[in-house]
Amino acid sequence: MEKVDIQSMTLPKLEDFCKQKGLPKFRAGQIFQWLHQKQVKSFDEMTNLPAELRKNLSENCQISDIKIRRKLVSQMDGTIKYLYEFADGQTVESVLMQYQHGYSLCISTQVGCRMGCRFCASTLLGLERSLTPAEMLDEIYMAGKDSGQKISSVVLMGIGEPLDNFDHVMDFLDILSSPQGLNLSLRHVSLSTCGLVDGIYRLMEKKLQLTLSISLHAPNDEIRSRTMPVNNKYPMDELLSACREYFRQTGRRISFEYALIEGVNDTPSCAQQLCRKLEGMGAHVNLIPVNPVKERGYQRSSRERVRQFQKILEQNHVNATVRRELGSDINAACGQLRRDDKGGKSC
């Protein structure tokens, strides 16, 4: 019989589970705190539970297992890149970055990705499976334990498309922000999507206080469809309409990620088109010189081109910043370490 993934249960779900087992409600709170505050990996460590209950949980439930397969530390800025391995041998990446406000961890939500963005290393091996809430949490727990640092913010911008793993991501956020768990405010969480419009509307209904970030990367449908296949299903006007409605319903400003690719989307004309698309949204654009991926052939824009692009946006009253690059000496861009670990071959 397959064991129950108890670590992926939100507290209400764990309370229902205990009720079905004839256990008092307070047992759920005890188990939840052991899993998400003390972060134990064995039921035997839950010393305030009766021995018989610990034995029963061990026989019928499982706690997610994760280990560090590879770890790279930047000699330039201390950024740490982890390649994690799960119990089934699948791997994902996380990146721990230090900022003035504390340590931020970029985590993965899927093993691989099926979105097919042409400039991204994460899509090269396709989608293997989605991560469970427990596995996403373990990326955070392990990074904190290994580095000895408190994780003060989390970014869902690693391998995978978070809204393609919607239900598991929602449970992950519930557990992450629970006062009985890490108690991390969702105001310190950013979720990045390539533009799954149906997922944006579903997220809007939750009215969470997280930051929604749209991987836009193009000023028009022609370029976006060429570089991001998702645009064939959800064209830019439909996507931006959803973004405007999301802002109206939640009051949370949306940020837009824009990876500048030399000769593709970095011209002054592209900047002007982008300004018109975002007009009246109060948007923030995060400009990112694209990370070269040898299988893709795209090159990053020059610093001069990036500055020119930023200047045009600001002249048109679009707030724009250039992302601070961290871990450039360890290939901190998502997907590259996992790809290299697999020898660049499809699974």
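The coordinates are above.
Note that the structure is predicted; figures quoted are calculated from it, not measured. (Residues numbered from 1 in each chain as written. Predicted model: local features only at pLDDT ≥ 70, side-chain atom pairs only at ≥ 80, totals over all residues. Heavy atoms only, no water.)

### Things to note about the side chain of Thr132
Part 1: Within the fold, Thr132 resides in the loop between strand E8 (127-130) and helix H4 (133-147).
Part 2: For Thr132, a relative accessible area of 19% puts it in the buried group.
Part 3: Once residues within four sequence positions are removed from consideration, Thr132 is found in contact with Asp5, Ser8 and His168. (Helix = DSSP H or I, 4+ residues; strand = E, 2+ residues; numbered from the N terminus. Buried < 20%, exposed > 50% of the residue type's maximum accessible area, 1.4 Å probe, protein only. Contact = heavy atoms within 4.5 Å.)

### Comments concerning the nonpolar core
Part 1: Judged by nonpolar contacts, the single largest core of 102 residues is most densely connected at Ile6, Phe256 and Leu278.
Part 2: Broken down by element, this core gets its largest block of residues, 7 residues, from helix H5 (residues 166-177).
Part 3: Residue contacts for Phe256: discarding those within four places in its chain leaves Ile214, Leu216, Leu240, Cys243, Leu278, Met281, Ala283, His284, Val285 and Asn286. (Core = buried A, V, L, I, M, F, W, Y, C linked by side-chain atoms within 4.5 Å.)

### Looking at the environment of Ser178
Part 1: Of note, Ser178 is situated in the loop between H5 and strand E10 (189-193).
Part 2: Ser178 sits 146 residues away from Phe32 along the chain, and the two C-alpha atoms are 9.9 Å apart.
Part 3: Contacts of Ser178, omitting those with residues within four sequence positions, involve Phe32 and Asn183.

### Examining the packing of aromatic side chains
For any pair of aromatic rings, the description consists of the separation of the ring centres together with the inter-plane angle of the planes.
Part 1: Counting across every chain of the model gives 2 aromatic pairs.
Part 2: Relative to Tyr84, the ring of Tyr82 lies with its centre 5.4 Å away and its plane at 5°, an arrangement referred to as stacked. Here Tyr82 and Tyr84 have matching classes, each one buried.
Part 3: Ring centres of Tyr258 and Phe309 lie 5.0 Å apart, and the angle between their planes is 35°; on these two criteria the pair is classed as tilted. With Tyr258 in strand E12 (residues 255-260) and Phe309 in helix H10 (residues 303-315), this pair connects stretches of sequence that are 51 residues apart.
Part 4: With a relative accessible area of 1%, Tyr258 lands in the buried category.
Part 5: By relative accessible area, Phe309 is classed as buried at 1%.
Part 6: Here Lys38 stacks its cationic end above the ring of Trp34, 4.5 Å away from the centre of that ring. (Phe/Tyr/Trp six-rings, centres within 6.5 Å; stacked < 30°, edge-to-face > 60°. Lys NZ or Arg CZ within 6 Å of the ring centre and 35° of its normal.)

### A look at the pairing of E10
If a strand is regular, its side chains alternate between the two faces of the sheet.
Part 1: Taken across its 5 residues, E10 has 4 buried, putting it largely inside the fold.
Part 2: The sheet contact formed by strand E9 (residues 151-156) and E10 spans 3 bridges and is parallel. Paired with Leu156 across the bridge in E10 is Leu191.
Part 3: In the sheet, E10 pairs with strand E11 (residues 211-215) via 4 bridges, with the strands oriented parallel. If you follow Ser192 over to E11, its bridge partner there is Ser213.
Part 4: Crossover connection from E10 via helix H6 (residues 197-206) to parallel E11: handedness right-handed. (Pairing = 2+ DSSP bridges. Right-handed = clockwise from strand over helix to strand, strands pointing away.)

### With respect to the packing of H4 against H5
Part 1: Look at H4 against H5: their axes get within 8 Å of each other, and the N-to-C directions meet at 50°. Regarding the angle of H4 to H5, the classification is oblique. Both H4 and H5 take part in a crossing whose hand is right-handed. Contact residues: H4 offers Pro133, Met136, Leu137 and Ile140, while H5 offers His168, Val169, Asp171, Phe172, Ile175 and Leu176.
Part 2: Of the residues that constitute the contact of H4 with H5, the class distribution is 8 nonpolar, 1 polar and 1 charged. (Axes fitted to C-alpha atoms, helices over the stretch in contact; angles between N-to-C directions. Parallel < 35°, antiparallel > 145°, perpendicular 65-115°, else oblique. Left-handed = near helix turned anticlockwise from the far one by under 90°. Nonpolar A, V, L, I, M, F, W, Y, C, P; charged D, E, K, R; others polar.)

### Observations concerning H6
Part 1: Listing the buried residues of H6 in full gives Val197, Gly199, Ile200, Leu203 and Met204. Down the axis of H6, the buried side of the element spans an arc of 155°, and every buried residue falls inside it.
Part 2: Along its buried surface, H6 packs onto H5, E10, E11 and helix H8 (236-250).
Part 3: Taken from the residues just after H6, Lys207 is the one with a positive phi, measuring 50°. (Arc of directions from axis to C-beta.)

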